[in-house]
Amino acid sequence: MLNRVLIRTKVVQNLYSYMLTRPERTLANALKDLDTSLEKTYELYHYLMRLPIELTHIQEMRLDEARNKYLPTEEELNPNMKFVNNRLVKALADNELLKQFAQEHTVTWNDDPIFERLMLDKVLKSDLYNDYMADDEDSMEADSLLWQQLMKQVILPDENMADAIEQRSLFWTEDDMDLIGQFVCKTFRRIAEGDEQAVLPKYKDEEDSEFGKELFSTTVTQMPENNQIIDDLVQSSRWDKDRIVLMDRIIMCAALAELRSFDKIPAAVSLNEYIELAKNFSTAASGKFVNGILNNAVKQLRNEGKILKR
């Protein structure tokens, strides 16, 4: 689940924090913080996967209370159970990996009943819900599609969701929500397709699990040399090196470290990823600036034999 794109993002964010807090913060402490940040990001995936289960359970209890109240209406006695019988939600609730992680890490929204009530009300008032309940199609595909659309259009953009996430962890950002939301919807689709390994592991393999700390450490180790490369190229391009914002410098140093030391990653992949990071996390002009400096750096380092890959 924590792919290279997400890991690079977390490395850059933690490098920025590290550079602002040196020398009080050691490299060892920074690596621990990076590991915590990645762990919390995976935890967010599980929180979002848990939400349909708990919202559905609340709606089921509401229907049961209405059915058992004094003088219930005909509709309350015989409610439409399509939403609470959603097959995707049942599959999520029965998934052993999700249940085990939730128990071990106490992943639940039940400690915030006001948020749960507000979010459920938002879901029940949505056109997506009303269209789903009125549709005669009754299938796992339709059940999965409902929650994919609710996640994208109702839940993730909601300001109550943003507040709830912010209160739960300082490590979670709005960008995390968007990216992890994509993984959650991907998991919903895979469950509907019958994939028995639909729930994504924290890392694809051992190599990915080591990538973040190796990139972080390599970037810090090579920073003096890579900063000099950047400064020389900036000066030759008639830019003022003192006007380079810290985030741009960190992104370029991380990119150069990856280009020089991670031989299995194609240069074009590294360049594209860090240029995108500059566009997303720095100034409006950063994408073009970082693109120009990094491409010139690659040409120079290839001429010097310091980058051999293509």
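The structure contained in this document is the topic of the report that follows. Note that the coordinates shown come from a computational prediction; the quantities given were computed from them, not determined experimentally.

Notes on the packing of helix α2 (residues 27–67) against helix α6 (residues 113–124)
Helix-helix packing: each pair is described by the crossing angle between the helix axes and the interaxial distance. The geometry of α2 relative to α6 is characterised by a closest axis approach of 10 Å and an angle of 85° between their N-to-C directions. Classified by the interaxial angle, the pair formed by α2 and α6 is roughly perpendicular. Each of Leu 51, Glu 54, Leu 55, Ile 58, Gln 59 and Arg 62 in α2 lies in contact with α6, whose residues at this interface are Phe 115, Glu 116, Arg 117, Met 119, Leu 120, Asp 121 and Leu 124. Class assignment for the residues of the contact of α2 with α6 results in seven nonpolar, one polar and five charged.

Description of the nonpolar core
Counting 99 residues, the largest nonpolar core has Tyr 45, Phe 83, Trp 147, Ile 155, Met 161, Ile 180 and Tyr 274 as the members making the most contacts within it. For this core, the element with the highest residue contribution is α2, accounting for 14 residues. If we skip the residues at most four places from it in the chain, Tyr 45 touches Met 1, Ile 180, Phe 183, Val 184, Thr 187, Ala 198, Val 199 and Leu 200.

Topic: helix α5 (residues 96–105)
Residues of α5 that are buried include every one of Leu 98, Phe 101 and Ala 102, and no others. End-on, the buried residues of α5 take up no more than an arc of 100°, which puts them together on one face. Structural note: α5 exposes Glu 96, Gln 103 and Glu 104 on the side pointing more than 90 degrees away from its buried face. In the core, the buried residues of α5 are packed alongside α2 and α4 (87–94). Positive phi shows up at Thr 106, right after α5, with a value of about 50°.

Rules used in this analysis
- Residues numbered from 1 in each chain as written.
- Predicted model: local features only at pLDDT ≥ 70, side-chain atom pairs only at ≥ 80, totals over all residues.
- Heavy atoms only, no water.
- Axes fitted to C-alpha atoms, helices over the stretch in contact; angles between N-to-C directions.
- Helix = DSSP H or I, 4+ residues; strand = E, 2+ residues; numbered from the N terminus.
- Parallel < 35°, antiparallel > 145°, perpendicular 65-115°, else oblique.
- Contact = heavy atoms within 4.5 Å.
- Nonpolar A, V, L, I, M, F, W, Y, C, P; charged D, E, K, R; others polar.
- Core = buried A, V, L, I, M, F, W, Y, C linked by side-chain atoms within 4.5 Å.
- Buried < 20%, exposed > 50% of the residue type's maximum accessible area, 1.4 Å probe, protein only.
- Arc of directions from axis to C-beta.

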